[in-house]
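Understanding the architecture of this molecule
Letter by letter, the chains look like this.
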Amino acid sequence: MSDRREIETIRERIPITELVGEFVTLKRAGANFKGLCPFHDEKTPSFFVNDQHGYYKCFGCGESGDIFTFLQKISGISFGEALRQLADRAGVRLTKGKKRNDQIIDALYEINESAAAFYHEILLSSRGKEARKYLQDRGITPEYIDKFRLGLAPDSWDSLLKKFRKTFSEELLEKSGLFRKRNEESGFYDLFRNRILFPIFDPTGRVVAFGGRIWREEETSAPKYVNSPETPIYTKGRTLYGFPFARTAIRRSGYALLLEGYTDVVLAHSFGFAEACAGLGTALTQAQCRILSRLTDTVLLVYDADEAGERAADRGISLCLEAGLNVRIVLLPPGADPASFLLDSGATAFGKRLAEAEDIIEYRIRGALKKCRSVADRAREVEHLMASFSSLKNPLLRATLVKTVSERFGIPERSLQNTLAVDARRPSREEARPEKYVSGKRGAEFRFLRLLIDQPILLRKSRMLPDPEDFTSEEYRSLYCSIREAIENNEPLTGDLGGRLDARGLALIAEIATSEMPLQDPQRQFLDYSRQIKLQRVNAEISKCTSEIEEPASPGSSPDENRQQLLKWIALKKKLMSSTGNEKFTE
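Starting afresh in each chain, residues are numbered from 1 along the sequence in its written order. Where totals are concerned, whole chains, interfaces and linings use all residues; where local detail is concerned, this predicted model gives features only for residues with pLDDT of at least 70, and gives and counts side-chain atom pairs only at 80 or more. Hydrogens and water molecules were not included; the side-chain quantities draw on all heavy atoms of the structure.

**Side note on the pairing of strand β4 (residues 55-58)**
Along any regular strand, the residues point their side chains to alternate faces of the sheet. Accessibility here uses a 1.4 Å probe with only protein chains present; expressed as a share of the type maximum, an area under 20% marks a residue as buried, one over 50% as exposed, and anything in between as partly exposed. Labels follow the DSSP assignment, with helices taken as runs of H or I lasting at least four residues and strands as runs of E lasting at least two, numbered in each case from the N terminus. Neither face of β4 is exposed, since Tyr55 and Lys57 on one face and Tyr56 and Cys58 on the opposite face are all buried. The criterion for strand pairing is that DSSP finds at least two bridges linking the strands in question. As paired elements, strand β3 (residues 47-50) and β4 share four bridges and run antiparallel to each other. If you follow valine 49 over to β4, its bridge partner there is tyrosine 56. Bridge count between β4 and strand β5 (residues 64-65): two bridges; the pairing is antiparallel.

What follows is the structure, given as structure tokens:
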């Protein structure tokens, strides 16, 4: 474990809203910020972030924590890796060593980063002159070659291997995905040879993989693309090409452009369409759609205008609908792709196509009508069409779908309504809010701790504090002791309270800190909650003593002693009941 001071310095330098805001669009909600939870699918925000104390809590799925747990869960990494990433970001140098698995992960990031630098340098050198001309002929300027760190793998089987084999072990070279084992002899050879390389970045901007494209006409027998395999730091179905460059623009404009290829994305950015990103591999995935849904509720699909592009768009529509996204289809001329259209027609024409993007209902109806040659065809296509919208949750869009299909195909609306999958209907619910402190909603212990977290000065000023034994809940008792100790040591009430809290304690304080609590008179409320906590113990003790007097628990128990204890607890109860507000506080 790293030095506690290093961890606290990282917390101080990285506001949790800054980190979470890179993955979730947050809006102010009282003392908190709220947004769509990145850990489960939802249409109504139930995810709350408290900047003052550095916690997040989802009141939908229950996920909670601080900056370290958030990065761990959103990126699927260990605490050690999250600590190192955030330390780098905060400019904090860690002093402790690393576990072996963490060392391997670090080395894989280093290999990919070094490979990107190596290939980029070759592209910019005299060896890359022809490749640079190839890119510039296709509209990719030096500025965007640098921005996306494009590279060139030379026409060699071992150029990268020679650079790395003295620095990294064979185990790491194999795990990196940048090398392949030779079939008939020992050793490795480079995965990429004589290809333009597109580095693939994770959401934090680190290189995790590459896509390689042929660029010489004589290489027609080779596959057009060769891509990095999945590795311990790269899962293609959970990564979007260009996403780190598009995130800010998506949040600002309110929509994402989803394209097909590397070149499409780079050219779109160079023409001013910075919302562009692309899936990796042959098909879009649900995880990729969820990444986008954290930032926006609208996606424009801009796929190639050919049969393969139409199939990809159709699958993309279904996945986006399942993720709760609004989808529109950008139509290009036959045979065109985003890159070629931008080069041939320019940014203004492309922008016009975006503005005229077709509604998904109209897009699919038009496609279905093309296939109708008979009454049987119409029946089959309508059935398929309605089934394809079974995941449509918006009731207004569902009503529009039924009405439009009814008009275009001449089928009664009632018949169409019956074809929509019943289980696709999501019950409407009120917007999720943090827990409110209405009577009976939460106990005095919860409310007392919430007030103490926000106003720790009350602990020092109050002359009537609950003892740890007064708490009926072991979890609250333990948290109270930790908070009290941190306050007495003048430590900030953030994170795991200086290492005092385990995972359950961190989850509890995150839930308490992100909950809403109206403050009319903090001192009076603090006293009331303290009194209630003490009274609940006093009442329990009175009940226990009364039971012992009426029916001794053991032959040796003394009725007189029990009566004395009972009188003591009754006197304490009277004292608590008669105490009033501000005289219990020091100035």
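Back to the write-up after that little detour.
**Describing the side chain of lysine 534**
In this structure, lysine 534 sits in helix α23 (residues 522-550). Polar contacts here mean pairs of N or O atoms no more than 3.5 Å apart (in protein, one a potential hydrogen donor and the other a potential acceptor; neighbouring residues in sequence count only if both atoms are side-chain atoms). Looking at lysine 534, its side chain comes within polar contact range of the side chain of aspartate 470, at 3.4 Å.

**Let's talk about the sheet that holds strand β11 (residues 225-227)**
Strand order in this open sheet of four strands is β6-β9-β10-β11, and the pairing throughout is antiparallel. If you trace the sheet from one side to the other, it starts and ends with β6 (151-153) and β11, each paired once. Neighbour-to-neighbour, the strand axes of this sheet turn through a mean angle of 35 degrees, independent of strand direction. Contacts are assigned to residue pairs with any non-hydrogen atoms lying within 4.5 Å of each other. To get an axis, a line is fitted to the C-alpha atoms, and for a helix only the part in contact is used. The angle between two axes follows their N-to-C directions and goes from 0 to 180 degrees. Across the face of the sheet, helix α11 (residues 262-270) comes into contact with β9 (195-201), β10 (207-213) and β11 while running at roughly 75 degrees to β9.

**Considerations on the packing of aromatic side chains**
Side-chain rings of Phe, Tyr and Trp, where Trp is taken by its six-membered ring, are said to pair if the distance between their centres is within 6.5 Å; with planes under 30 degrees apart they count as stacked, over 60 as edge-to-face, and otherwise as tilted. Taken as a whole and assessed by the stated rule, the structure comprises 30 aromatic pairs. Here phenylalanine 148 and phenylalanine 245 contribute two aromatic rings whose centre-to-centre distance is 4.5 Å and whose plane-to-plane angle is 45 degrees, an arrangement assigned as tilted. Note that phenylalanine 148 is positioned in the loop between α7 (142-147) and β6 and phenylalanine 245 in helix α10 (residues 243-253), a separation of 97 residues in sequence. What makes phenylalanine 148 buried here is its relative accessible area of 0%.

**A closer look at the sheet that holds strand β13 (residues 276-278)**
Ordered by their spatial adjacency, five strands build an open sheet running β13-β12-β14-β15-β16, and the pairing between neighbours is mixed. At either end of the open sheet lies a strand with only one pairing partner, and these are β13 and β16 (358-359). Pairing between strand β14 (residues 298-301) and strand β15 (residues 326-329): four bridges, direction parallel. Residue pairing across strands places leucine 300 opposite arginine 328, the latter belonging to β15.

**Overview of the packing of helix α19 (residues 444-454) against helix α22 (residues 503-513)**
Packing of α19 against α22 brings their axes to within 9 Å, and their N-to-C directions diverge by 80 degrees. The pairing of α19 with α22 is recorded here as roughly perpendicular in orientation. Along the contact surface, α19 presents Phe446, Leu449, Arg450 and Ile453, while α22 presents Ile509, Glu511, Ile512 and Ala513. Gly is placed with the polar residues, together with every amino acid not listed as nonpolar (Ala, Val, Leu, Ile, Met, Phe, Trp, Tyr, Cys and Pro) or charged (Asp, Glu, Lys and Arg). Classifying every residue of the contact of α19 with α22 by side-chain character gives six nonpolar, no polar and two charged. Here roughly perpendicular refers to angles of 65 to 115 degrees, roughly parallel to angles under 35, roughly antiparallel to angles over 145, and oblique to all remaining angles.

**Re helix α4 (residues 79-90)**
A rise of 1.5 Å per residue sets the reference length of α4, with its twelve residues, at 16 Å; its end C-alpha atoms lie 16 Å apart and thus fit the reference within 8%. Counting buried residues along α4, nine of its twelve residues qualify, which places the element largely inside the surrounding structure. What α4 keeps buried is the set Gly80, Glu81, Ala82, Leu83, Arg84, Gln85, Leu86, Ala87 and Ala90. Just downstream of α4 lies glycine 91, where phi reads positive at about 75 degrees. A helix's residues, less one, multiplied by 1.5 Å, set its expected span.

**With respect to the confidence of the model for the chain**
When pLDDT is low, close inspection of the predicted coordinates is not appropriate. Scored between 0 and 100, pLDDT is the confidence that the predictor attaches to each residue. The pLDDT averaged across the chain works out to 83; a share of 86% of its residues lies at or above 70. Contacts of residues 421-431 to residues separated by more than four positions or lying in other chains number 17 contacts, the stretch itself having pLDDT below 50. Segment residues 437-441: pLDDT under 50, and ten contacts once partners within four positions in sequence are set aside and those in other chains are kept.

**Observations concerning the packing of helix α3 (residues 67-75) against α4**
Between α3 and α4, the shortest axis-to-axis distance is 9 Å and the interhelical angle comes to 115 degrees. Accordingly, the angle class assigned to the pair α3 and α4 is roughly perpendicular. The two elements α3 and α4 meet at a crossing, and its hand is right-handed. Seen from α3, the contacting residues are Ile67, Phe68, Leu71 and Gln72; seen from α4, they are Phe79, Ala82, Leu83, Gln85 and Leu86. Partitioned by chemical class, the residues of the contact of α3 with α4 number seven nonpolar, two polar and no charged. Two helices cross in a left-handed way if the nearer one is turned anticlockwise from the farther one by less than a right angle. They cross in a right-handed way if the turn is clockwise.

**Observations concerning the pattern of salt bridges**
Any carboxyl oxygen of Asp or Glu within 4 Å of a side-chain nitrogen of Lys or Arg constitutes a salt bridge here. Applying the stated criterion across every chain, the model contains 32 salt bridges. Between arginine 11 and glutamate 8 there is a salt bridge, and its shortest N-O distance comes to 3.4 Å. Taken together, the residues arginine 11 and glutamate 8, both in helix α1 (residues 4-13) and three residues apart, mark about one turn of the helix. Accessibility classification places arginine 11 together with glutamate 8 in one group, the buried group. Across the pair lysine 133 and aspartate 137 runs a salt bridge, and its minimum N-O distance is 3.0 Å. Highlighted residues: lysine 133 and aspartate 137, both in helix α6 (residues 129-137), separated by four residues, approximately one helical turn. Several salt bridges share partner residues, and in doing so they unite Glu81, Arg84, Asp106, Asp202 and Arg206 into one network.

**Quick word on the environment of isoleucine 453**
On the secondary structure map, isoleucine 453 appears in helix α19. For the pair formed by isoleucine 453 and isoleucine 509, sequence separation is 56 residues and the distance between their alpha carbons is 8.8 Å. Setting aside anything within four residues of it in sequence, one finds isoleucine 453 in contact with His53, Ile483, Leu493, Ile509 and Ile512.

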